[in-house]
Amino acid sequence: TAKSVTRILLGVAIASVIAGLGIAFYLIGYLNKQLGVDPMFAKGIAKEIAKGNFSRDIRLDPGDSNSLLHALKNMQQQLRERIEHEQAMQQQLREQMAQEAEAKESALRIKMALDKASTNVMVTDENYNIIYINESLDQLFHEVNDAFHRELPEFNANYLLGENIDIFHKDPAHQRAILDGLQTTAKSSFVVGGRHVTVVATPVIDGTGYR
């Protein structure tokens, strides 16, 4: 009886060991399938991604679409694409800011040159509102302010910026019709306040046709 019990217990023990090994192999296989790679390798990749290194080559087994390694590869790719996109946007913004700074500097140099030019210069926008008067013309307008004001009641040399050039014309509609159709430089002369005035008007049109 003792021998029978011993054999039974030994058989149970062996069966338990075999079952335990079977369960262990199953769990290992299941985990490997879920991880898709050795856990230490996956840990190393995760650390590199956390440090911002997205160059590590991650190779997946054929048909692997659910493992941890597959998720790490997707995360690596998405982060890399996002960072590359942000870097490209930052570079584009830097270039745009540099272009704007260059344009402002160029405009400032032109303005400084026009400010000191001996020729009288006035610039209007597309609606003929005065946006710039150089120093030479400003000085002239102040010298003839009273004479001009007698014939052009709305003329005031102190408040010309922002005003419309209609204030210089007794028949603004006629002048606008001429200017609206102007494609090249035009020259006209007239007398106002006892002063003989010659105006040279030139339309400035950019590459998009903005006038």
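This text goes with the structure placed above it.
A brief look at the structure comes next.

Conventions we followed
- Residues numbered from 1 in each chain as written.
- Predicted model: local features only at pLDDT ≥ 70, side-chain atom pairs only at ≥ 80, totals over all residues.
- Heavy atoms only, no water.
- Helix = DSSP H or I, 4+ residues; strand = E, 2+ residues; numbered from the N terminus.
- Rg over C-alpha atoms; globule rule 2.2 N^0.38 Å.
- Buried < 20%, exposed > 50% of the residue type's maximum accessible area, 1.4 Å probe, protein only.
- Contact = heavy atoms within 4.5 Å.
- Lys, Arg positive; Asp, Glu negative; His and termini not counted.
- Charge placed at Lys NZ, Arg CZ, Asp CG, Glu CD.
- Arc of directions from axis to C-beta.
- 1 Å grid on protein atoms, 1.4 Å probe; cavity = no way out; pocket = protein on both sides within 12 Å on 5 of 7 lines; lining within 4 Å.
- Points joined across faces, edges and corners; volume = space filled by probe spheres on them.
- Nonpolar A, V, L, I, M, F, W, Y, C, P; charged D, E, K, R; others polar.
- Pairing = 2+ DSSP bridges.
- Patch = residues over 30% accessible without salt bridge, like charges linked within 9 Å, V, L, I, M, F, W, Y side chains within 5 Å.
- Areas by Shrake-Rupley, 256 points an atom, 1.4 Å probe, with all protein chains shown as cover.
- Salt bridge = Lys/Arg side-chain N within 4 Å of Asp/Glu carboxyl O.

In terms of helices and strands, the protein carries 6 helices and 4 strands. The C-alpha atoms of the protein give 42 Å as radius of gyration, which overshoots the globular expectation for 211 residues (17 Å, by more than 25%). The principal-axis extents of the C-alpha atoms in the protein amount to approximately 145 × 30 × 30 Å. By residue count, 20% of the 211 residues in the protein fall in the buried class. Sequence-distant contacts in the protein: of pairs separated by 6 or more residues, those separated by 24 or more amount to 37%. Across the protein, the 22 positively charged side chains and the 26 negatively charged ones have centroids separated by 17 Å.

We note that Tyr-128 has phi near 70°; this positive angle belongs to a residue other than glycine. Mapped onto the fold, Tyr-128 is located in the loop between strand 1 (122-124) and strand 2 (130-133).

The set of residues buried in helix 4 (residues 135-143) consists of Ser-136, Leu-137 and Phe-141. Across the axial projection of helix 4, the buried residues extend over an arc of 130°, all falling on one side. Exposed and facing more than 90 degrees away from the buried side of helix 4 are Gln-139 and Glu-143. Summarising the contacts, the buried residues of helix 4 are in contact with helix 3 (68-116), strand 1, strand 2 and helix 5 (145-151).

The next subject is the layout of surface pockets. Computed from the structure, the largest pocket encloses a volume of approximately 1,600 Å³. In terms of lining, the largest pocket is formed by 45 residues, of which the most central are Met-122, Ile-165, Val-199, Val-200 and Ala-201. Elements with a contribution of two residues or more to the lining of the largest pocket: strand 1, helix 4, helix 5, helix 6 (172-180), strand 3 (186-192) and strand 4 (195-201). For the lining of the largest pocket, the per-class residue count stands at 27 nonpolar, 10 polar and 8 charged.

Successive side chains on a regular strand alternate, one facing one side of the sheet and the next facing the other. Here 3 bridges tie strand 1 to strand 2, and the two strands are oriented antiparallel to one another. Each bridged residue has a counterpart across the sheet, and for Met-122 the counterpart in strand 2 is Ile-133. Here strand 1 folds back onto strand 2 in antiparallel fashion, the turn holding 5 residues, of which Tyr-128 has a positive phi close to 70°.

A surface patch of nonpolar side chains, amounting to about 300 Å² of accessible area, comprises Leu-10, Ile-14 and Ile-18. Residue placement: Ile-18 occurs in helix 1 (residues 2-35). Ile-18 gets classed as exposed once you look at its relative accessible area, which sits at 54%.

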